[in-house]
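# Structural overview for review
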Amino acid sequence: MFDTMEISDLTSPGRLRRGTLVVRADADPGLGIGHVMRGLALAQGWRRRGGEAVFLGRMPEGCSSRLAGFPLVPLGAVSPDPVDLRRTLELGHSAGPGCWVLVDGQHLDLSYQRRLRESGLCVLVADDRHDSPVCDADVIVNPSAFGFDPGYQCPTGTAVCLGPRYALLREEFLSRTRSERTASQRSRVLVTLGGADSRNATNTVLQALQALDAPVLQAKIVVGPANPRSEVYRRLVAGRALEVLDSPPDMAELLAWADLAVILAGGTLWEGLAIGCPLVSLSLHPIQRRVLDELERHGCVVHAGPVGEVGAADLSRVLAATLGDTSRCARLAANGRRLVDGLGVERVLDAIDARDRGPDGADAGEVRLQPLTREMVLRTWDWVCDPELQRDFMMSAPPTTLQSHIAYFEAQRAAPDRLVFGILAGSEHVGNAGLKNILPRVEAELWLYIGRSPLRGRGLGSRATRLLLDHAYGSLGVANVVLHVSAANAAALAMYGKLGFRRTPLRAGGPWAERGESVWRMERPR
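Reference entry: report on the structure contained in this document. (Residues numbered from 1 in each chain as written. Predicted model: local features only at pLDDT ≥ 70, side-chain atom pairs only at ≥ 80, totals over all residues. Heavy atoms only, no water.)

### Considering the overall build of the protein chain
What counts here: Here a helix means four or more residues in a row that DSSP labels H or I, a strand means two or more in a row labelled E, and each is numbered from the N terminus. The rule is simple: take the accessible area with a 1.4 Å probe, protein chains only, and divide by the maximum for that residue type; under 20% is buried, over 50% is exposed, in between is partly exposed. In what follows, a contact means two residues having at least one pair of non-hydrogen atoms within 4.5 Å. In these tables, accessible area is a Shrake-Rupley quantity obtained with a 1.4 Å probe, and a residue counts as shielded only by the protein chains included in the view.
Scanning the protein chain for helices and strands turns up 18 helices and 21 strands. In the protein chain, which comprises 526 residues, the proportion classed as buried is 55%. A fraction of 63% describes how many contacts in the protein chain between residues 6 or more apart in sequence connect residues 24 or more apart. By element, 51% of the accessible surface of the protein chain is carried by carbon and sulfur atoms, the whole surface being about 22,100 Å².

Structure follows, in structure tokens:
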């Protein structure tokens, strides 16, 4: 069960640890529950890294019961009522220095965010509507900004995390896999239209399913905790192979079960893509339409159209065509998994960690990793054009123009199977590093180089490697880290050897095999 507490229970001296995350989010029939579920995903990641989290908000019993393990302070009145802000400030400051407040909801506006930051709290804004491009935050995360930049107006230095790579997924979606289907199996449909379904789109979907010419069709209809129409739906499907489920505890299991899911473009969109479930999605507002159209262009989802404009007959035809096209369903599943890799929470937490350390780090000599910025990419241009560095670090031929160099790194940062960082020593950008060919919980390939800096040769590479290993084994949970190093680079071979890497045979047909004995493959199992 979850713990519902009075705010006085948590603000007593010593009750909350330093560095607590306060999740400020609400749920109700109008808002849905997506704001709270995003907060839960981040809270789970925060806890994996040893932190403590507490929820503050207004939500129905069915929603709050999902917060097992995290205390909840219920709010009777929400912003613009001043009680809301006063309670949030009180709870945040009770945790002392290092407290972060996740603000998720359009009613928690610019003035609300500004008051939190002016009081000394760190603020993370989660957004998916782009209703207000002006934010006062330390970090902004918006996974729905796919194919476009909302153009946030925010303080200098705000970390802006845009696109599906930053989708906040709960732990149940990080370990679930979906088996491949045969043509004869493609008959199971999941319908899940959010925690509230305020427009009653479920009714249209039920009519569409009943019109399908598919006698072996199985369907499970999920009714969220803020949707009061459960019994109405049961009467509609009586005597048919359609099952109504009230707030099931494991959505990942249901998405893995389904051959096709009919959804609204909220948090379930990213969950379904991560699982690899083929999706037919409806949209509620223009931003969702824009996102779904872009996802459809990339072959990740079928956009059936806006709620209220798509009738049951049209939707039935879309479902029949999609279920009947086995190759398209396979492509939807594969493209979805490639786009949403499940590492969004870790990327956001890394951005928070970088902000906590400050622009110069806690120690002027400290080595840290920071997501690669455009300024760092420009500085890297000089390094990749240096013949000596090219030789030592086995770089490919340098790009012919600065623009192609920038485009290369933009592609690297956008790739779902890699992470790219700048290496900072104090405030100086001294090199780059990353993990590529990431197979979550299996393997990742490490790469690293120190550029032209007077600090070269002072152990920066060794310290940066340890940080990458911690991230690979901890956040990504991989069992093995590999790297490739020039046989002529004695310093690098010695460094990696001291860190526990051991030489192994090059893999036949791999990208380094053509270089033969001039390249060593090294591995370090966890």
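So, next bit.
### Re unusual backbone geometry
The omega angle of the peptide bond from S79 to P80 is 20 degrees, so this bond is cis rather than trans. Turning to its location among the elements, P80 is positioned in the loop between strand 4 (71-74) and helix 4 (82-94). Here the phi dihedral of D197 falls at roughly 50 degrees; this positive angle occurs in a residue that is not glycine. Looking at the secondary structure, you find D197 in the loop between strand 9 (188-192) and helix 6 (201-210). Positioned with a positive phi, S247 is a non-glycine residue whose angle comes to about 40 degrees. Within the secondary structure layout, S247 lies in the loop between strand 11 (242-246) and helix 8 (251-257).

### Describing the state of the cysteines
As a reminder, the rule being used: Disulfide: a pair of cysteine sulfur atoms within 2.5 Å of each other.
All told, the structure shown has zero disulfides when counted by the stated rule. Unpaired in terms of disulfides, C135 finds its nearest cysteine sulfur in C154, a separation of 7.0 Å. Not engaged in a disulfide, the cysteine C277 finds its nearest cysteine sulfur in C329; these two sulfurs lie 9.0 Å apart. On the accessibility criterion, C277 (2% relative accessible area) is buried.

### Let's talk about the packing of aromatic side chains
Spelled out, the test is: Centres within 6.5 Å are what make two rings of Phe, Tyr or Trp a pair, Trp counting through its six-membered ring; a difference in plane orientation under 30 degrees is then read as stacked, over 60 as edge-to-face, and the rest as tilted. The criterion for a charge sitting over a ring is simple: Lys NZ or Arg CZ within 6 Å of the ring centre, and within 35 degrees of the ring normal.
Applying the stated rule across the entire model yields five aromatic pairs. An angle of 90 degrees between the planes, with centres 6.4 Å apart, marks the rings of W383 and Y449 as edge-to-face. Of the two residues, W383 is situated in helix 14 (residues 374-384) and Y449 in strand 18 (residues 443-450); the sequence distance between them amounts to 66 residues. Assessed through its relative accessible area of 5%, W383 is described here as buried. A residue is classified by how much of its surface remains accessible, and Y449, at 8% relative accessible area, is buried. Across from the ring centre of Y166, 5.9 Å away, lies the NZ or CZ of R165, which sits over that ring. The lysine or arginine in question, K220, covers the ring of W257, its NZ or CZ lying 4.4 Å from the ring centre.

### Observations regarding the environment of A68
Positionally, A68 belongs in the loop between helix 3 (61-64) and strand 4. Measuring from C-alpha to C-alpha, the distance between A68 and L40 comes to 9.8 Å, with 28 residues separating the pair along the chain.

### Brief notes about helix 16 (residues 402-414)
Our working definition: Multiplying one less than the number of residues by 1.5 Å gives the expected span of a helix. Comment: arc refers to directions from the helix axis out to C-beta atoms.
End to end, helix 16 covers 18 Å across 13 residues, agreeing with the expected 18 Å (1.5 Å per residue, within 8%). Those residues of helix 16 that fall on the buried side of the exposure criterion are H405, I406, F409 and Q412. Each buried residue of helix 16 sits inside an arc of 120 degrees when the element is viewed along its axis, so together they form one side. Those residues of helix 16 that are exposed and aimed more than 90 degrees away from the buried face are Q403 and A414.

### A closer look at the sheet that holds strand 16 (residues 419-425)
The strands that make up a sheet pair up through hydrogen bonds in the backbone, lying either parallel or antiparallel. Selection rule: Strands pair, by our definition, only if DSSP identifies at least two bridges between them. Between N-to-C directions, angles cover 0 to 180 degrees, with each direction set by a line fitted to C-alpha atoms, over the stretch in contact for helices.
Strand order in this open sheet of seven strands is 15-16-17-18-19-21-20, and the pairing throughout is mixed. Each edge of the sheet is formed by a strand with only one pairing partner; in this case those strands are strand 15 (367-371) and strand 20 (502-504). Adjacent strand axes in the sheet meet at a mean angle of 35 degrees, parallel and antiparallel pairs treated alike. In the sheet, strand 15 pairs with strand 16 via five bridges, with the strands oriented antiparallel. Considered in strand 16, the bridge of L369 is made with I423. Set on the sheet, helix 17 (residues 460-475) makes contact with strand 15, strand 16, strand 17 (428-439), strand 18, strand 19 (480-486) and strand 21 (519-525); between it and strand 18 the angle comes to about 160 degrees.

### Details of the nonpolar core
Here is the rule: Nonpolar cores are built from buried Ala, Val, Leu, Ile, Met, Phe, Trp, Tyr and Cys residues. Side-chain atoms within 4.5 Å join them into one set.
Membership of the largest hydrophobic core comes to 34 residues, with the highest contact counts inside it found for L21, V36, L42, F55 and L124. Elements supplying a minimum of two residues to this core: strand 2 (21-25), helix 2 (34-48), strand 3 (53-57), strand 5 (100-104), strand 6 (122-126), strand 7 (139-142), strand 8 (159-162) and helix 13 (344-357). Here this core takes seven residues from helix 2, the largest share from any one element. For F55, the contacting residues outside a window of four places in its chain are V23, V36, G39, L40, A43, L67, F70, P71, L72 and V73.

### Things to note about the pattern of salt bridges
Stated precisely, the cut-off is as follows: When a carboxyl oxygen of Asp or Glu lies within 4 Å of a side-chain nitrogen of Lys or Arg, that pair is called a salt bridge.
Across all of its chains, the model carries 26 salt bridges by this definition. Taking the shortest distance from any N to any O, the salt bridge between D26 and R24 comes out at 2.8 Å. Judged by its relative accessible area of 2%, D26 falls in the buried class. Given the relative accessible area of 0%, R24 is considered buried. Note that E231 is salt-bridged to R234, the shortest N-O span being 3.6 Å.

### Quick word on the side chain of T465
Among the structural elements, T465 can be located in helix 17. On the accessibility criterion, T465 (0% relative accessible area) is buried. Ignoring anything within four residues of it in the chain, the contact list for T465 reads L446, L448, M495, Y496, L499 and F501.

### Focus: the packing of helix 9 (residues 267-275) against helix 12 (residues 326-339)
Convention followed: Oblique is the label for any angle not covered by the other classes, which are roughly parallel (under 35 degrees), roughly antiparallel (over 145) and roughly perpendicular (65 to 115). Under the scheme applied here, ten amino acids are nonpolar (Ala, Val, Leu, Ile, Met, Phe, Trp, Tyr, Cys and Pro), four are charged (Asp, Glu, Lys and Arg), and all others, including Gly, are polar.
It is the contact of helix 9 with helix 12, at a shortest axis distance of 6 Å, that shows an interaxial angle of 110 degrees. As summarised for this structure, helix 9 and helix 12 are arranged roughly perpendicular, according to the angle between their axes. Contact with helix 9, carried on its side by L273, A274 and I275, involves G336, R337 and L339 of helix 12 and no other residues of that element. By residue class, the composition of the contact of helix 9 with helix 12 is four nonpolar, one polar and one charged.

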